[in-house]
Amino acid sequence: MKIAFTLIIFSLLYCSEQDPLKPFGPPLKIDPIQAKDRSFPNPGWKETTINKEKWKEFEKYTFETLGNEAEREGIRTDGIVIIQNGAIVYEKYARGYNKDMLHLTWSITKSFVNTMIGVAVKQGKLNIEDYASKYLEEFNRTDLHKKVKIKHILSMSSGLAANEGYESGPLTSSVVAMLYTRGRKDMGSFCASLDMAYEPGTFEYYSSCDSNILTKILTKVYSKTEYEDLVWKEIFSKLKINKASFEKDASGNFIGSSYLYLTARDLAKLGYLYLNDGVWEKERILPEGWVDYTRTSAEGYPTTKYYPKLETEIYTAHWYANNGVPERGIPKTFPDAPDDTFYGSGHWGQKLFVIPSLDLVIVRYGDDRDKTLSWNEFLKLAIAAVRK
């Protein structure tokens with residue numbers, strides 16, 4: 001069922017230390033603690049006069065449908081918001097959407113799960129080095145299950161025998177079963193009950209199951225009210241997001257794989273939190289070092305055999321990185337974007353890009369059903385525009 005709440009401000013009362021994994025790439029450009037004049041969208045974004053001429057080429061590419069609309073072909077953009085230096089520098093909507101409308105983020109929801117886990121770590125509710133068996137009985141079944149840690153699940157290196165096929169293999173797909181058939185009543189427990197296929201931490205495999213296991217674990221460390229507050233008071237309220245919908249399964253577990261709805265402007269706030277190293281105004285929301293940990297490629301990459309997704313997208317802790325994996329000969333995902341680019345990605349063309357070196361956050365909503373849109377070209381044109 002869908003739920004939406006009007007949020008109230010609530011202070012973060014707990015903190016704990018977390019040693020992040022070794023980060024990659026350059027440090028974040030901005031020291032948010034020292035940047036006293038840093039602009040934050042409280043409650044809304046600072047708006048600038050948009051120079052339409054310098055965005056002409058970018059807009060032509062992103063909002064021109066290059067195929068048969070009836071067949072859902074071509075680039076089908078619903079909305080774009082671009083934030084630089086804490087202000088909107090570009091915004092446009094199409095296909096019936098506007099700045100006040102909620103949009104399904106699909107798997108960008110997974111990046112929000114990273115935020116939920118980060119807050120829980122800061123509050124001392126759990127540690128990424130904890131074994132999953134501490135919270136879910138399903139992980140006590142075999143010796144291999146008992147080795148799974150929260151950090152393995154967060155990096156999609158749990159080793160569980162998940163199958164992320166949708167249209168390509170619905171009868172054997174664990175994600176289809178999780179969302180729509182035998183697992184939909186309690187998605188986290190269904191996923192935790194999967195057999196093991198690999199040693200935890202040695203094989204990176206993108207799995208929506210891992211995301212719902214994480215939100216299920218959070219129900220074990222929070223009361224029902226606290227679990228709600230984690231999302232609505234501890235995160236959304238602090239980011240001044242007062243309009244959102246986050247679906248649950250029948251067991252009351254947030255569907256962390258795919259069912260968060262936000263406006264484009266509010267999704268940009270999530271990106272801005274990470275751009276500012278997990279600090280909102282002068283309050284630290286995420287643990288110190290959490291964003292660098294979030295930008296670190298999944299630990300399973302050094303030993304994972306190649307498969308199509310691994311060759312093109314560098315998974316981290318429920319986000320993606322653009323730095324490539326040089327030791328595996330894996331190039332940057334987007335050659336024309338800075339190395340420090342990291343992003344959340346969702347089905348059918350949803351993207352949340354964070355580029356610290358350019359002080360840039362980009363949100364793009366769409367309904368792409370083919371491969372017409374080139375994300376490298378998208379970023380190349382956007383970066384060229386902000387540099388003019």
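As a reminder, the structure under discussion sits directly above these lines.
Since we're looking at a predicted model, the values are computed, not measured.

Rules of the game
- Residues numbered from 1 in each chain as written.
- Predicted model: local features only at pLDDT ≥ 70, side-chain atom pairs only at ≥ 80, totals over all residues.
- Heavy atoms only, no water.
- Helix = DSSP H or I, 4+ residues; strand = E, 2+ residues; numbered from the N terminus.
- Contact = heavy atoms within 4.5 Å.
- Areas by Shrake-Rupley, 256 points an atom, 1.4 Å probe, with all protein chains shown as cover.
- Pairing = 2+ DSSP bridges.
- Axes fitted to C-alpha atoms, helices over the stretch in contact; angles between N-to-C directions.
- Expected span 1.5 Å × (residues − 1).
- Bend = angle between axes of the 7 residues up to and from the residue.
- Buried < 20%, exposed > 50% of the residue type's maximum accessible area, 1.4 Å probe, protein only.
- Salt bridge = Lys/Arg side-chain N within 4 Å of Asp/Glu carboxyl O.
- Core = buried A, V, L, I, M, F, W, Y, C linked by side-chain atoms within 4.5 Å.
- Disulfide = S-S within 2.5 Å.

J.: Provide a residue-level description of the overall build of the protein chain, including the pertinent values.
T.: Scanning the protein chain from N- to C-terminus turns up 11 helices and 13 strands. Put simply, of all contacts in the protein chain between residues at least 6 apart along the chain, 69% involve residues at least 24 apart. For the protein chain, the accessible area works out to roughly 16100 Å², and carbon and sulfur atoms hold 50% of it.

J.: Before we move on, could you go through the sheet that holds strand 9 (residues 314–315) and cite the residues and values that matter?
T.: Each strand in a sheet pairs with its neighbour through backbone hydrogen bonds, running either in the same direction (parallel) or in the opposite one (antiparallel). Ordered in space as 1-3-2-13-12-11-10-9, the 8 strands form an open sheet in which the pairing is mixed. Pairing within the sheet leaves two strands with one partner each, and these edge strands are strand 1 (46–47) and strand 9. Along the sheet face, helix 2 (residues 108–122) touches strand 9, strand 11 (342–346) and strand 12 (350–355) and points at about 130 degrees away from the line of strand 11.

J.: With reference to specific residues and values, describe helix 7 (residues 224–237).
T.: For an α-helix, the turn length of 3.6 residues means that residues three or four places apart are oriented alike. The terminal C-alpha atoms of helix 7 lie 18 Å apart, and with 14 residues this matches the ideal 20 Å at 1.5 Å per residue to within 8%. The axis of helix 7 is deflected most strongly, by about 40 degrees, at leucine 230. Across the 14 residues of helix 7, 10 count as buried, placing the element largely inside the fold. Of the residues making up helix 7, those classed as buried are Tyr227, Glu228, Asp229, Leu230, Val231, Trp232, Glu234, Ile235, Phe236 and Ser237. Residues of helix 7 that are buried sit in contact with helix 2, helix 6 (208–221), strand 5 (245–246) and strand 6 (260–262).

J.: Residue-level account of the pattern of salt bridges, with values.
T.: Evaluated as defined, the whole model comprises 26 salt bridges. Ionic pairing is found between aspartate 195 and arginine 141, a salt bridge with its closest N-O pair at 3.8 Å. Of this pair, aspartate 195 sits in the loop between helix 5 (187–192) and helix 6 while arginine 141 sits in the loop between helix 2 and helix 3 (150–154), and the two are 54 residues apart along the sequence. Aspartate 229 is the partner of lysine 233 in a salt bridge, and the nearest nitrogen-oxygen pair spans 3.9 Å. Residue lysine 233 and its partner aspartate 229 are both found in helix 7; the two are separated by 4 residues, about one turn of the helix.

J.: I'd like a rundown of the sheet that holds strand 4 (residues 103–104), residues and numbers included.
T.: The strand order across the open sheet formed by 3 strands is 4-6-5, and the pairing between neighbours is antiparallel. On the outer flanks of this sheet lie strand 4 and strand 5, each paired with one strand and no other. Bridge count between strand 5 and strand 6: 2 bridges; the pairing is antiparallel. Bridge pairing links serine 245 to tyrosine 261 in strand 6.

J.: Account for the nonpolar core, naming residues and giving values.
T.: Among the nonpolar cores identified, the biggest contains 84 residues, and Leu126, Leu218 and Phe236 are the most heavily contacted of them. Among residues more than four places away in sequence, those in contact with leucine 126 are Ile117, Ala120, Val121, Tyr135, Ile150, Ile217, Leu218 and Val221. Tyr206, Ala321, Phe353 and Ala385 belong to the second largest nonpolar core, which has 36 residues in total.

J.: I'd like to hear about helix 8 (residues 264–275), residue by residue, with values.
T.: Taking 1.5 Å per residue, 12 residues should reach 16 Å; helix 8 reaches 16 Å between its end C-alpha atoms and fits that length. The element helix 8 is largely enclosed, with a buried count of 12 among its 12 residues. If you check which residues of helix 8 are buried, you get Ala264, Arg265, Asp266, Leu267, Ala268, Lys269, Leu270, Gly271, Tyr272, Leu273, Tyr274 and Leu275. Once helix 8 ends, the next one or two residues include aspartate 277, with phi positive near 60 degrees.

J.: Describe the state of the cysteines, naming the residues involved and giving the relevant values.
T.: Considering all chains together, one arrives at 1 disulfide under this definition. With its sulfur 2.2 Å from that of its partner, cysteine 191 forms a disulfide with cysteine 209. One disulfide, between cysteine 191 and cysteine 209, carries an S-S torsion of -65 degrees and so falls in the left-handed class. Here cysteine 191, found in helix 5, pairs with cysteine 209, found in helix 6; they are 18 residues apart in sequence, far enough to count as distant. Pair check on accessibility: cysteine 191 and cysteine 209 agree, each one buried.

J.: Go over the environment of phenylalanine 334, please, and point to the residues and values.
T.: Mapped onto the fold, phenylalanine 334 is located in the loop between strand 10 (320–321) and strand 11. Residue phenylalanine 334 is classed as buried on the basis of its relative accessible area of 5%. Apart from residues lying up to four places away in sequence, phenylalanine 334 is in contact with Asn322, Tyr343, Phe353, Trp375, Asn376 and Leu379.

J.: Talk me through the pairing of strand 12; I want residue IDs and the actual numbers.
T.: Buried residues dominate strand 12, accounting for 6 of its 6 residues. Residues Gln350, Leu352 and Val354 of strand 12 are buried on one face, and the alternating residues Lys351, Phe353 and Ile355, pointing to the opposite face, are buried as well. Of the pairings in the sheet, the one linking strand 11 to strand 12 comprises 5 bridges and is antiparallel in character. Within the sheet, the bridge partner assigned to glycine 346 lies in strand 12 and is glutamine 350.

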